[in-house]
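# A structural walkthrough
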Amino acid sequence: MALHGSSPQVLGAVHADAATASSTPPSSPARSDVDDVDWDLDFAGLWEGGWEELLREDAEQIGEAYQASILGGVLGADDEHEIEEEMGEGFKESSGHREGRREHKLSAKGLISNFVLSIVGSTVLGLASQMPRLGWILPPISVVAGCIIVSENTRLVTATIDKLQAQKGITVLAYPDFVRGALGIWGKRISSATSMLALLGMMCTTLVLEAQNFNFLLPVHWSWFGCNACGHKWWAVFLTPIGLAYVFGNPGILMKRAAFLGPIVCILTIILAWMGVGMSVAASTAMPEVCRGSHKLLPAPSEFFSVAMVLELAKVGSYGFYNFAVIVTVPTLRNQMKNPKKTAPAAIFAYILALCLFLPIMFLGYLGFGNEVPENLVDGMRDDRPSGWWALNRSWETGKLTVAGACLDLIVTINLLMTEAIYIPCTVLAIEASFPGLFRRGPAWASKVMRGVVVALRLLVAVGIESFVAMSALVAALFCVCNNIIFPIVAFHYFKVKKVSRLRKICHALVLVYGIFIMIFGTYAAALQLSPAPGLPPGQEIRENLSPVCRATADVLNVTALAPS
């Protein structure tokens with residue numbers, strides 16, 4: 001479930017018997033002329049075994065696979081074996097690993113479930129807010145482009161792994177193993193670093209969103225260093241003890257035990273989000289017709305190539321891509337499947353399914369909210385608004401939170417707290433693995449201090465950053481692009497996995513350009529919008545962008561701003 005969204009969501013791990021598996025000879029004989037890798041996608045084969053196979057899927061195994069896929073994006077087989085030797089049972093407990101290989105393997109339908117659960121989550125809250133500046137067409141195109149790119153690149157990664165194992169005789173258990181096999185040790189170091197930083201960024205983003213969501217449910221009205229509308233910052237402080245428990249404790253086991261809740265949380269998130277945007281459409285019909293939200297198909301030609309529009313395109317593209325940035329989990333999950341050949345078609349099916357769930361939220365949200373879309377969908381799921389609310393600033397954020405809004409708030413927040421039980425310990429292990437001389441072989445206090453610094457950094461970001469959407473876009477642009485766009489394409493062509501058509505090569509080159517565009521301009525655009533200038537609370541003044549006719553209607557109704565609460 002992606003922040004956007006995730007969503008994904010980003011790193012992966014291997015089984016506890018990684019060292020044993022890495023020494024096992026590959027099933028295919030080593031050869032130097034492997035060019036006919038399995039390139040076809042058998043979507044029909046995903047349904048072999050019927051729905052009964054999915055019903056027989058072990059929920060705890062799916063939870064273990066998810067946890068393994070998070071750690072393995074940072075640590076390869078050699079890294080994990082080294083940590084296990086030095087940390088012994090402490091590593092196995094903190095990472096949730098167990099002795100021996102479980103006999104149960106993921107089916108294709110289990111993998112689809114795993115990916116959908118990883119992608120669908122907090123990212124649904126910010127989807128509709130991508131629409132106002134760019135109109136009906138460009139934001140959905142950016143989300144569709146993200147889906148297409150990760151679909152193609154997942155195919156490239158699985159094909160490259162097939163050839164690596166056949167030609168070099170290595171077993172790829174995690175994403176760093178894939179990068180090292182194709183591009184060498186420096187590729188592995190870069191991929192591990194960007195994955196670790198992506199996890200760290202996601203940790204901070206989730207606290208920003210959790211604090212906002214709790215403040216919607218239970219508003220705090222205390223002043224925060226002179227700010228009278230900053231209750232979410234107090235909530236970031238209140239939630240910090242949970243982060244401490246995750247950093248110093250062993251919450252991953254709880255997450256696996258609660259894995260059966262994943263499908264329920266996913267289904268409720270989508271249903272409640274659809275309800276939220278549907279309620280906005282219904283509420284918009286109660287407005288005077290002259291005051292309903294405006295829409296545009298595309299930006300005006302005069303502003304289409306302006307610097308501001310280029311930055312907006314890059315930021316929206318970053319968030320659209322963030323929803324599907326889960327490729328680093330592919331090698332580990334592939335290693336846990338009954339039939340690894342079904343990895344790519346199952347993953348692609350999951351991406352397309354998630355896309356079909358996302359697009360209605362974008363279109364209906366823009367249809368209902370118009371240009372006044374709240375950044376967080378929950379904040380717009382309100383009723384009992386004051387008379388003439390449509391004429392007030394941040395109009396959709398006035399009134400009281402509906403039952404559906406409160407339920408969506410709780411469901412998404414619970415999901416975030418559950419997934420953090422895996423993200424945070426895996427991030428700490430990744431930091432320790434990156435600096436083994438200091439944290440694993442150094443003084444005992446060094447690791448404890450590092451954990452405290454992680455918690456403090458997370459809190460500092462949460463009280464300093466206002467926009468979880470901009471934070472998500474920043475993480476995607478800075479870190480996710482490298483492992484989800486650049487490495488899969490470069491590895492595929494550098495290792496000469498398979499001859500492809502000239503058209504496909506051109507498309508790969510264009511995707512690389514798009515990735516670099518997001519990396520440069522998306523980073524800059526997201527950084528500019530992390531902490532927008534604070535405005536008045538909702539309903540405190542008449543909106544400046546009211547049309548003259550709508551303003552006249554408001555004057556006739558004697559609409560006045562609300563008294564500050």
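Residues numbered from 1 in each chain as written. Predicted model: local features only at pLDDT ≥ 70, side-chain atom pairs only at ≥ 80, totals over all residues. Heavy atoms only, no water.

Overall, the coordinates contain 18 aromatic pairs when judged by the stated rule. Their ring planes at 85 degrees and their centres at 4.9 Å tell us that Phe 369 and Trp 396 sit as a pair that is edge-to-face. In this pair, Phe 369 sits in helix α15 (residues 343-369) while Trp 396 sits in the loop between β1 (382-383) and β2 (400-401), placing the two residues 27 residues apart along the sequence. Between the aromatic rings of Phe 517 and Phe 521, the centroid separation amounts to 5.3 Å while the plane-to-plane angle is 40 degrees, which identifies the pairing as tilted. Of the two residues, Phe 517 and Phe 521 both sit in helix α20 (residues 502-528), 4 residues apart, roughly one turn of that helix. With a relative accessible area of 25%, Phe 517 lands in the partly exposed category. (Phe/Tyr/Trp six-rings, centres within 6.5 Å; stacked < 30°, edge-to-face > 60°. Helix = DSSP H or I, 4+ residues; strand = E, 2+ residues; numbered from the N terminus. Buried < 20%, exposed > 50% of the residue type's maximum accessible area, 1.4 Å probe, protein only.)

Take the nonpolar core next. The biggest cluster of nonpolar side chains holds 128 residues, and the ones touching the most others in it are Phe 115, Val 124, Leu 125, Phe 178, Phe 324 and Tyr 351. Broken down by element, this core gets its largest block of residues, 19 residues, from helix α19 (residues 468-494). Residues in contact with Val 124, not counting those within four places in the same chain, are Thr 269, Ile 270, Ala 273, Phe 358, Ile 361 and Leu 377. Membership of the second largest hydrophobic core comes to 16 residues, among which are Met 196, Met 203, Val 247 and Ile 431. (Core = buried A, V, L, I, M, F, W, Y, C linked by side-chain atoms within 4.5 Å. Contact = heavy atoms within 4.5 Å.)

Together, Ile 137, Ile 141, Leu 297 and Leu 298 line one region of the surface with nonpolar side chains, adding up to about 340 Å² of accessible area. Of note, Leu 297 is situated in the loop between α12 (262-284) and α13 (307-322). Its relative accessible area of 52% is what places Leu 297 among the exposed residues. (Patch = residues over 30% accessible without salt bridge, like charges linked within 9 Å, V, L, I, M, F, W, Y side chains within 5 Å. Areas by Shrake-Rupley, 256 points an atom, 1.4 Å probe, with all protein chains shown as cover. Salt bridge = Lys/Arg side-chain N within 4 Å of Asp/Glu carboxyl O.)

On average, residues of the chain carry a pLDDT of 82, and 81% of them reach 70 or more. Here helix α1 (residues 18-22) is the element of the chain with the lowest mean pLDDT, 37, and α20 is the one with the highest, 95. For the stretch residues 1-34, pLDDT sits under 50, and the model shows 155 contacts to residues farther than four places along the chain or on other chains. Contacts for the low-pLDDT stretch residues 86-102, under 50 throughout, to residues beyond four places or in other chains number 39 contacts. (pLDDT = per-residue confidence, 0-100.)

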